[in-house]
2 protein chains.
Amino acid sequence: MKRRPTIIDVAKKAGVSKSTVSRVVADGGQGVNDETKERVLQAIDELGYVRNAIASSMRTDRTNLIMLAIPDITNPYWPEVARGVQDVMDAEGYAVVFANSDWDEERELEYLEMARRNRLDGILINPVQVSSAKLESSGIPTVILGTREAYSAFDRVGADSYVGTKTAVQHLIDLGHRRIGMILGQLDIKSKDSRRRGYVDILKDAGIPLDEELITTVPFTRAGGEAGFTTLFQLGTPPSAIFCANDTIAIGALQAAYAAGVGVPKDVSIIGLDDIDAALTTNPPLTTISKPKYDIGKQAALFLLEHIQGAAPSFPRKLQLAGKLALRGTTTQK
Amino acid sequence: MKRRPTIIDVAKKAGVSKSTVSRVVADGGQGVNDETKERVLQAIDELGYVRNAIASSMRTDRTNLIMLAIPDITNPYWPEVARGVQDVMDAEGYAVVFANSDWDEERELEYLEMARRNRLDGILINPVQVSSAKLESSGIPTVILGTREAYSAFDRVGADSYVGTKTAVQHLIDLGHRRIGMILGQLDIKSKDSRRRGYVDILKDAGIPLDEELITTVPFTRAGGEAGFTTLFQLGTPPSAIFCANDTIAIGALQAAYAAGVGVPKDVSIIGLDDIDAALTTNPPLTTISKPKYDIGKQAALFLLEHIQGAAPSFPRKLQLAGKLALRGTTTQK
DNA sequence: AATAATTGCGGGAACGTTCCCATTATAGCA
DNA sequence: TGCTATAATGGGAACGTTCCCGCAATTATT
């Protein structure tokens, strides 16, 4: 294995000191006159010198690497968020390490340890079970994806599910629906669900009495959506419209309706939340609240850059990006 | 900023040399007796020492980092491949940096440069335009995702689109179809298309004459699929079945059929390639050839590990994983 | 019992860069 | 003209770990 040229080799060839080469390579030539700089760049070219970021990191304690820790990259919500993160960080010279927590605390902790060991400059995480204290004690700048109150000590960026839910249910009310079902997704985390609050509040605003039997809770899967639809349609008076906690559930409900010979949107309107890719491929295409996934990733990355660069305010921020109604084919007037 | 404890601090506290601490931390205690090892581990615990992987890398020239370079993480084909890569590398203690080439050579080259600068241990890449010579000159162990002949000097892992196409068209033939259309996807790369070869060969095997007007080429988008369907259905004698170059095109064709009042599968059977998530959400669910995306990622990662560990054979390997027919709702007997 | 091999441990040097302080020459100001 | 400030450059040390060789003690072999 041929030894790679170092800054010392470049210095010798250009007839300058290693400090001067470093000034050209790391500081863009600041403090070096143009003639000297040219000599150095030429020597770099002739030798095929490639800077060693590991050695730089030893001295600077900066790696230009961050971690994006999410539950699972194959979940259709996350690739677009990831893309927003990557585009911002890439433009600033950072590389992004991806980690899948699989909704498991032990994995979350292992990745935290990896981040510490590798001296990563920052962490973007959609935490599942890891405690806020553990995140803080890593000593690495961290921004939370999602807006859970358990992490209120950190900057948080997420979608506003409360407002998204209200928008969705308002859309159904505007279409004349009064008997509106809701299929909630079940999480391991016992959190106060913003979707439920949004639904309850918008019904109250509209003067529609709350009927608990119109609310059912299922796993966040398509099969869960199918089960939820079946439950709601076995009621004495089924709902004329259903709000689903996310698109995956909504697609399951849509498929269950088709299988049961219930017309969508003719007999029941269905609306989701998220606007994943598949929402455009159903028949009819799914009406949903579109979460700005790319912008969530982008904004979280911008917050993290501020922390890394020491420019973040000392108080934690909570940024909730509003979703927009994506009116397609699964909702219609009662 | 409090200085973090180093191996020297641990050595002092445990009453041993730094070499002994290193043997405990890096070699699992090999060459250190149990009593000494326990003293070192206790000192590590009390001091909260965290190993510095950057310093290790300086000495070992190993980072335990690899790069996964793909065109775009938001393309529904790639998250599952990525997941296969991550699960294998994660289990071996490697972290994975993700890169999006956006089908642009300049970006590909920039990421290669980043990989060199950061002394990454390996590269997994679905190359678009970057040359084989450039990949070789990086000096970093590299495995190709996909099986393009332009990269025959490297180990390659991909799906067998030739066999996949033959399987799909054979399925249509078995259902009695003889007038079988094909919507091909257009790439910037002028490659000999294995899908086209598979189609031509299987028709010849079945004694069905090739009719060029049954072949149309569109962009790899849903809109492309719509346009391709429209073209084929404007023929004097439309096909009774259509093979689509990937699921995204197939979903577009399915939507165009619905919009044109053409029944699927009653009036035309449609089959895709890939088995992306959305294939399960169409109505009817898409019959397709399921590429083993997770296994492609996994196998490529296993090859890369062999290269990193110096255990790879000196001849390049080409591994093509067969797809399987996923029989759903868009194909039926003529 | 003597010699050879193995085990356990320590200290110096290497890895490749950045930072800091010192020196010299040049430019600017009183 | 003399003094001060600035620009350009160089060399030593730091960053935190691993590797290598040497030494001493213990175990195994002849």
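Throughout what follows, the structure given in this document is the object of discussion.

Cut-offs applied
- Residues numbered from 1 in each chain as written.
- Chains lettered and ligands numbered in written order.
- Predicted model: local features only at pLDDT ≥ 70, side-chain atom pairs only at ≥ 80, totals over all residues.
- Heavy atoms only, no water.
- Buried < 20%, exposed > 50% of the residue type's maximum accessible area, 1.4 Å probe, protein only.
- Helix = DSSP H or I, 4+ residues; strand = E, 2+ residues; numbered from the N terminus.
- Arc of directions from axis to C-beta.
- Contact = heavy atoms within 4.5 Å.
- Buried area = accessible area lost by both parts, 1.4 Å probe.
- Salt bridge = Lys/Arg side-chain N within 4 Å of Asp/Glu carboxyl O.
- Polar contact = N/O pair within 3.5 Å; in protein donor to acceptor, adjacent residues only side chain to side chain.
- Nonpolar A, V, L, I, M, F, W, Y, C, P; charged D, E, K, R; others polar.
- Pairing = 2+ DSSP bridges.
- Least-squares fit on C-alpha atoms with pLDDT ≥ 70 in both.
- 1 Å grid on protein atoms, 1.4 Å probe; cavity = no way out; pocket = protein on both sides within 12 Å on 5 of 7 lines; lining within 4 Å.
- Points joined across faces, edges and corners; volume = space filled by probe spheres on them.
- Near = heavy atom within 4 Å.
- Axes fitted to C-alpha atoms, helices over the stretch in contact; angles between N-to-C directions.

All names here are of chain B. Regarding helix α2 (residues 18–26), the residues found buried are Thr20, Val21 and Val24. All buried residues of α2 project into a common sector of 100 degrees when viewed along the axis, lining one side. Contacts from the buried residues of α2 go to α1 (7–14) and α3 (34–47). Taken from the residues just after α2, Gly28 is the one with a positive phi, measuring 70 degrees.

Bringing the interface of chain B and chain A into the picture now. Listed by partner, the interface residues are 47 residues for chain B and 47 residues for chain A. Buried area between chain B and chain A, both sides added, is near 4,400 Å², and the carbon and sulfur share of it is 52%. For the pair chain B and chain A, the number of links is 8 salt bridges. With a shortest N-O distance of 2.6 Å, Asp102(B) and Arg83(A) are connected by a salt bridge. For the interface between chain B and chain A, the tally reads 21 residue pairs in polar contact (both at pLDDT 80 or more). Residue classes in the side of chain B that touches chain A are distributed as 21 nonpolar, 11 polar and 15 charged. As paired elements, strand β2 (residues 95–100) of chain A and strand β2 (residues 95–100) of chain B share 3 bridges and run antiparallel to each other. Residue Val97(A) lies in a different strand from β2(B), and its bridge partner there is Val97(B).

With that out of the way, let us pick up the relation of the copies chain B and chain A. Once chain B is rotated about the relating axis by 180 degrees and shifted along it by 0.0 Å, it coincides with chain A to within an RMSD of 0.1 Å. Overall, the copies show the geometry of a two-fold rotation axis. Comparing interface residues between copies, 100% of those in chain B also lie at the interface in chain A; the contact surface is shared.

Another point: empty space enclosed by the protein. Here the structure, examined in full by the defined rule, presents 4 cavities of 30 Å³ or more. Considered as a void within the structure, the largest cavity measures approximately 100 Å³ in volume. Along its surface, the largest cavity is lined by Ala53(A), Ile54(A), Ser57(A), Thr63(A), Leu65(A), Asn118(A), Ala53(B), Ile54(B), Ser57(B), Thr63(B), Leu65(B) and Asn118(B). Looking at the lining of the largest cavity, the elements with two or more residues in it are α4 (53–60) of chain A together with α4 (53–60) of chain B. Of the residues contributing to the lining of the largest cavity, the split by class is 6 nonpolar, 6 polar and no charged. There is about 60 Å³ of room inside the second largest cavity. For the lining of the second largest cavity, the secondary structure elements donating two or more residues are α5 (78–91) and β2 of chain A together with β2 and α6 (105–117) of chain B. Tallying contributions element by element places α5(A) first for the lining of the second largest cavity, with 3 residues.

What follows covers the protein's contact with DNA strand C. In the neighbourhood of DNA strand C, 27 residues make up the surrounding shell, with Ser22(A), Tyr49(A), Arg59(A), Ser19(B) and Thr36(B) lying closest. Atoms of DNA strand C within 4 Å of the protein: sugar and phosphate make up 55%, bases the balance. In the model, a base nitrogen of DNA strand C is placed 3.5 Å from a nitrogen or oxygen of the Ala55(A) main chain. In the environment of DNA strand C, a base oxygen lies 2.3 Å from a nitrogen or oxygen atom belonging to the side chain of Ser19(B). Listed by contribution, the elements that provide at least two residues to the surface near DNA strand C are α2 (18–26) and α4 of chain A together with α2 and α4 of chain B. For the surface near DNA strand C, the residue count by class is 8 nonpolar, 12 polar and 7 charged.

Contacts to DNA strand D come from 29 residues, most closely from Ser19(A), Thr36(A), Ile7(B), Ser22(B) and Tyr49(B). Here DNA strand D approaches the protein such that, of its atoms within 4 Å, sugar and phosphate make up 54%. One of the side-chain nitrogen or oxygen atoms of Lys18(A) is found 2.9 Å away from a base oxygen of DNA strand D. Within the side chain of Thr20(A), an N or O atom sits 2.6 Å from a phosphate oxygen of DNA strand D. At the level of elements, α2 and α4 of chain A together with α1, α2 and α4 of chain B are the ones that each hand at least two residues to the surface near DNA strand D. Classifying every residue of the surface near DNA strand D by side-chain character gives 9 nonpolar, 13 polar and 7 charged.

The sheet built from 12 strands is open, its strands ordered β11(A)-β5(A)-β4(A)-β3(A)-β1(A)-β2(A)-β2(B)-β1(B)-β3(B)-β4(B)-β5(B)-β11(B) with mixed pairing. One side of each edge strand has no neighbouring strand; the edge strands of this open sheet are β11 (318–321) of chain A together with β11 (318–321) of chain B. Strand-to-strand twist of the sheet, defined as the mean angle between neighbouring strand axes without regard to direction, takes the value 20 degrees. Here strand β1 (residues 65–70) of chain B pairs with strand β3 (residues 122–125) of chain B via 4 bridges, running parallel.

Right, let's get into the pairing of strand β8 (residues 241–244) of chain B. All names here are of chain B. Of the two faces of β8, the one lined by Ala241 and Phe243 and the one lined by Ile242 and Cys244 are each fully buried. One ladder, built from 4 bridges, connects strand β6 (residues 180–186) with β8; its direction is parallel. Bridged to Met182 within β8 is Phe243. Bridging between β8 and strand β9 (residues 269–274) involves 3 bridges; their strand directions are parallel. Bridge pairing in β9 links Ile242 to Ile270.

Don't take any of this as a statement about function, it's just geometry.
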